[in-house]
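Single-letter residue listing:
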Amino acid sequence: MKTVLIVEDDLINARVFSKILSKRGGLGVKHTENVEEVIKIAQSGEADLILMDVSLSRSVYQGKSVDGIKITQMLKSDPKTANLPVILVTAHAMEGDRENFLKQSGADGYISKPVVDHQQFVDQIIALLPTDDH
């Protein structure tokens, strides 16, 4: 079973995403907003995809506060985790934000909150999950 790591500081959102992914998508789900933990899970291969909230208000790494863009950049610049798909999730979607966020972070995809179409949400995630035949 594939596992999605949800990096999200809003527990209600995290719960909603977990439920959609496990019920509709048949996926395993982990959740943390702890940056060290995100990196550890990514490096250990325990997650097949990361759902990354752009605006993490409480996340701190090495004494600095970091957002989802920064964490994604860190993951993408590390050869051990560079191939792990990351989908950014944000409620602040203005025209042009999407391209900027993707370009800045190197993320693989982008979903805006609130998630209205649950099936589309699941499909978008499953489309980016690595298949085992490469």
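Residues numbered from 1 in each chain as written. Predicted model: local features only at pLDDT ≥ 70, side-chain atom pairs only at ≥ 80, totals over all residues. Heavy atoms only, no water.

Identification of the protein as Response regulator receiver protein DevR from Nostoc commune NIES-4072 is taken from an unreviewed UniProt entry.

## Section: the sheet that holds strand β1 (residues 3-7)
Taken together, the five strands give an open sheet; going across it, the order is β2-β1-β3-β6-β7, and neighbouring strands pair in parallel fashion. Across the chains shown, the open sheet's two edge strands, defined by having one partner strand only, are β2 (28-31) and β7 (109-112). Geometrically, the sheet is characterised by an average inter-axis angle of 20° between neighbouring strands, direction not taken into account. As paired strands, β1 and strand β3 (residues 49-53) are joined by four bridges and run parallel to one another. By the bridge assignment for β3, isoleucine 6 is matched with leucine 51. Across the face of the sheet, helix α2 (residues 35-44) comes into contact with β1, β2 and β3 while running at roughly 160° to β1. Helix-sheet contacts for helix α4 (residues 97-105) involve β6 (86-90) and β7, and the interaxial angle to β7 is about 140°. (Pairing = 2+ DSSP bridges. Helix = DSSP H or I, 4+ residues; strand = E, 2+ residues; numbered from the N terminus. Axes fitted to C-alpha atoms, helices over the stretch in contact; angles between N-to-C directions. Contact = heavy atoms within 4.5 Å.)

## Quick word on the packing of helix α1 (residues 11-23) against helix α5 (residues 118-128)
Where α1 meets α5, the closest approach of the two axes is 10 Å, and the angle between their N-to-C directions is 75°. It follows from the interaxial angle that α1 and α5 lie roughly perpendicular. Note on element contacts: α5 touches α1 through His118, Phe121, Val122 and Ile125, opposite Phe17, Ile20 and Leu21. For the contact of α1 with α5, the per-class residue count stands at six nonpolar, one polar and no charged. (Parallel < 35°, antiparallel > 145°, perpendicular 65-115°, else oblique. Nonpolar A, V, L, I, M, F, W, Y, C, P; charged D, E, K, R; others polar.)

## Regarding unusual backbone geometry
Note the cis peptide between lysine 113 and proline 114, where omega equals -5°. Relative to the helices and strands, proline 114 is located in the loop between β7 and α5. Despite not being glycine, glutamine 62 shows a phi value in the positive range, around 50°. Among the structural elements, glutamine 62 can be located in the loop between β4 (60-61) and β5 (64-65).

## Here we look at the environment of leucine 27
Tracing the chain through its elements places leucine 27 in the loop between α1 and β2. The exposure class of leucine 27 is buried, given its relative accessible area of 7%. The spatial distance from the C-alpha of leucine 27 to the C-alpha of lysine 2 is 5.5 Å, given a sequence separation of 25 residues. If near-sequence neighbours (up to four positions away) are discounted, leucine 27 is found in contact with Met1, Lys2, Val4, Leu21, Ser22, Ile125, Ile126 and Leu129. (Buried < 20%, exposed > 50% of the residue type's maximum accessible area, 1.4 Å probe, protein only.)

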